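Below are the chains, spelled out letter by letter.
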Amino acid sequence: MTVYNFAAGPSMMAPEVKQALAQSLVDWQGTGFSIAEVPHRSQPFVDYLSQTQAMVRHHLGIGQEYEVLFLSGGARTQFALIASQFLKTRATYVVTGHWSAMAAHDAQRYGHVDQVVSNGKIPESFAVAEDSDYVFLCSNETIDGVEFATYPVSPVPLIVDASSDIFARRVDMSNVALLMAGAQKNMGIAGLIVVVVRKDFLAKARQIDPSLSYVEHAKKGNLLVTPCAAAIAATHETLNWLERCGGVEAIEAINREKARTLYREIDASEGFYRNTIAIKDRSITNVVFSLPDESLQEAFLSGAEQRGLVNLRGHRSAGGIRASIYNAMPLQAVQALAAWMQEFKQSNLEWIKQ
Ligand code: PMP
């Protein structure tokens, strides 16, 4: 039985990507040694690094006006690093869920934070103080299942945490000063963080410890510290695979169909499956829903598991069910989940009448 991993991250990788990565770990590009063994200042590695950066630019639809940095750590590490480098007077944080709330919390140590609190929904508009250094938002709240359908036009530089929806859909980068994402969902494996920063915004960065400074990393061609080569290889192979799939637009069409399949099932369930998020704000990546009663949860999850549909339990802080349907999740797996949802509802119809 094929097992489909609906985890929120680390999450499913395409089989071809895993195979290519395994090959790179054993024998990288016919060198006879692993990507993890390549001296990071050697020309082949430097070329590989810049090819991977070019692939990030290509799939994001941006050019040389942005630096692309491959850093190590957690996505959360960047919450503090962003604030320590760019928060000078005050900054605006749009809090739509768990991760943006954490980013606002972590920034407070470095300066004044104005919070636009709109948990579980995307605000129509919001005020930004004229002297705000930037606006920070999380484009897709992985736990809460809400996303910005489009990025707002901001009067001050816009910073986006796109950890869970980078490369899932085409976004307008023209207004974005900095975009960051952990690799472990849509572009590789944990340990690598991609920071894409516009050069004119980077020029405003405060000087911090050199080993942490985006300016210093950029100046040293991403070789200031030894890059996490194996994780970069995972991203390289993922972005190659994305290209073979037809790029972001092609994968977005499939992603939208996957999300439609699940929301259709939820909305047609006569209240059996519940998702309270406004339709326009629903995430196409993390579909969250609850069952009529908590007592049904284990039966739902174990029936799913028997069908090879695993890791559907919601985040411990949110409860319920969460189906994370990143780029690597095929449509037929989502259809299998929808079929299971239908079957499970049919065998528990008494709950609808209550
Ligand atoms: N931002 C978002 C949107 C996330 O989904 C996550 C992790 N799931 C993080 C930040 C934090 O990532 P990390 O565990 O790598 O710090």
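Given the structure is predicted, the values throughout are model-derived calculations rather than measurements.

Draft legend 1. Just the packing of helix H7 (residues 229-244) against helix H8 (residues 247-267), in detail. Running from N to C, H7 and H8 point in directions that differ by 75°, and their axes come no closer than 7 Å. Classed by the angle they form, the pair H7 and H8 counts as roughly perpendicular. Mapping the contact onto sequence places Trp241, Leu242 and Glu243 in H7 and Gly247, Val248 and Ile251 in H8.

Draft legend 2. Focus on the pattern of salt bridges. Counted by the stated rule, this structure contains 18 salt bridges. Between arginine 198 and aspartate 200 there is a salt bridge, with the nearest N and O atoms lying 2.8 Å from each other. A salt bridge links glutamate 216 to lysine 220; the nearest nitrogen and oxygen atoms lie 3.8 Å apart. Residue class for glutamate 216 comes out buried when judged on its relative accessible area of 12%. Residue lysine 220 is classed as partly exposed on the basis of its relative accessible area, which comes to 44%. One salt-bridge network, in which partners are shared between bridges, spans Arg90, Asp114 and Asp131.

Draft legend 3. Seen up close, the nonpolar core. Ranked by size, the top nonpolar core spans 86 residues in total, and within it Phe6, Val196, Phe300 and Leu337 carry the most contacts. Here this core takes 8 residues from H7, the largest share from any one element. Apart from the residues within four sequence positions on either side, phenylalanine 6 is in contact with Leu309, Val310, Asn311, Leu312, Arg322, Ala323, Ser324, Ile325, Met329, Ala333, Val334 and Leu337. Counting residues in hydrophobic clusters, the runner-up holds 32 residues, among them Ala75, Leu81, Ala91 and Ala218.

Draft legend 4. Looking closely at the pairing of strand S5 (residues 132-138). Across the 7 residues of S5, 7 count as buried, placing the element largely inside the fold. With 3 bridges connecting them, strand S3 (residues 90-95) and S5 associate as parallel partners. In the sheet register, threonine 92 faces S5, and the bridge partner there is valine 135. Two strands pair when backbone bridges link them, and S5 and strand S8 (residues 158-161) are joined in this way by 4 bridges, in the parallel orientation. Among the inter-strand pairings, phenylalanine 136 is bridged to a residue of S8, identified as isoleucine 159.

Draft legend 5. Broad picture of the layout of surface pockets. One number sums up the size of the largest pocket: a volume of about 390 Å³. Around the largest pocket, the lining is made up of 26 residues, and of these Gly9, Trp99, Thr142, Gln184 and Lys185 lie nearest the centre. When contributions to the lining of the largest pocket are tallied by element, the ones reaching two or more residues are helix H3 (75-86) and strand S13 (321-324). Sort the elements by how many residues they give to the lining of the largest pocket and H3 lands first, with 3 residues.

Draft legend 6. Examining the packing of aromatic side chains more closely. Summed over the entire model, instances satisfying the criterion amount to 15 aromatic pairs. The interplanar angle of 70° and the centroid separation of 5.8 Å between the aromatic rings of tyrosine 93 and tyrosine 134 together place this pair among those described as edge-to-face. Taken together, the residues tyrosine 93 in strand S3 and tyrosine 134 in strand S5 connect sequence positions 41 residues apart. According to the relative accessible area criterion, tyrosine 93 is buried, its value standing at 1%. Taken together, the ring pairs in this structure connect Phe272, Tyr273, Phe289, Phe300, Trp340 and Phe344 into an aromatic cluster.

Draft legend 7. Geometry of the site of the ligand. Taken together, the neighbourhood of the ligand is formed by Gly74, Ala75, Arg76, Phe79, Trp99, Cys138, Asn140, Thr142, Asp161, Ser163, Gln184 and Lys185. One nitrogen or oxygen atom from the side chain of tryptophan 99 is found 3.3 Å from an oxygen atom belonging to the ligand. Side-chain polar atom of glutamine 184 to an oxygen atom of the ligand: 3.1 Å apart, as the coordinates give it. Protein burial of the ligand: of its 400 Å² of free accessible surface, 82% is covered by the chains. Among the cavities detected, the one that contains the ligand is the largest pocket. Residue classes in the shell around the ligand are distributed as 4 nonpolar, 5 polar and 3 charged.

Draft legend 8. Just the sheet that holds strand S2 (residues 66-72), in detail. Spatially, the 7 strands line up as an open sheet ordered S2-S10-S9-S8-S5-S3-S4, and their pairing is mixed. Because the sheet does not close on itself, it has two edges, and the strands there are S2 and strand S4 (112-117). With direction set aside, neighbouring strand axes in the sheet form an average angle of 20°. Bridge count for S2 against strand S10 (residues 192-198) is 7 bridges, and the pairing is antiparallel. Its bridge partner being in S10, leucine 71 is matched across the sheet by isoleucine 193. Here H3 sits on the sheet in contact with S2, S3, S5, S8, strand S9 (176-182) and S10, set at roughly 155° to S9.

Cut-offs applied
- Residues numbered from 1 in each chain as written.
- Predicted model: local features only at pLDDT ≥ 70, side-chain atom pairs only at ≥ 80, totals over all residues.
- Heavy atoms only, no water.
- Axes fitted to C-alpha atoms, helices over the stretch in contact; angles between N-to-C directions.
- Helix = DSSP H or I, 4+ residues; strand = E, 2+ residues; numbered from the N terminus.
- Parallel < 35°, antiparallel > 145°, perpendicular 65-115°, else oblique.
- Contact = heavy atoms within 4.5 Å.
- Salt bridge = Lys/Arg side-chain N within 4 Å of Asp/Glu carboxyl O.
- Buried < 20%, exposed > 50% of the residue type's maximum accessible area, 1.4 Å probe, protein only.
- Core = buried A, V, L, I, M, F, W, Y, C linked by side-chain atoms within 4.5 Å.
- Pairing = 2+ DSSP bridges.
- 1 Å grid on protein atoms, 1.4 Å probe; cavity = no way out; pocket = protein on both sides within 12 Å on 5 of 7 lines; lining within 4 Å.
- Points joined across faces, edges and corners; volume = space filled by probe spheres on them.
- Phe/Tyr/Trp six-rings, centres within 6.5 Å; stacked < 30°, edge-to-face > 60°.
- Near = heavy atom within 4 Å.
- Polar contact = N/O pair within 3.5 Å; in protein donor to acceptor, adjacent residues only side chain to side chain.
- Areas by Shrake-Rupley, 256 points an atom, 1.4 Å probe, with all protein chains shown as cover.
- Sits in = over half its atoms within 2 Å of the grid points.
- Nonpolar A, V, L, I, M, F, W, Y, C, P; charged D, E, K, R; others polar.

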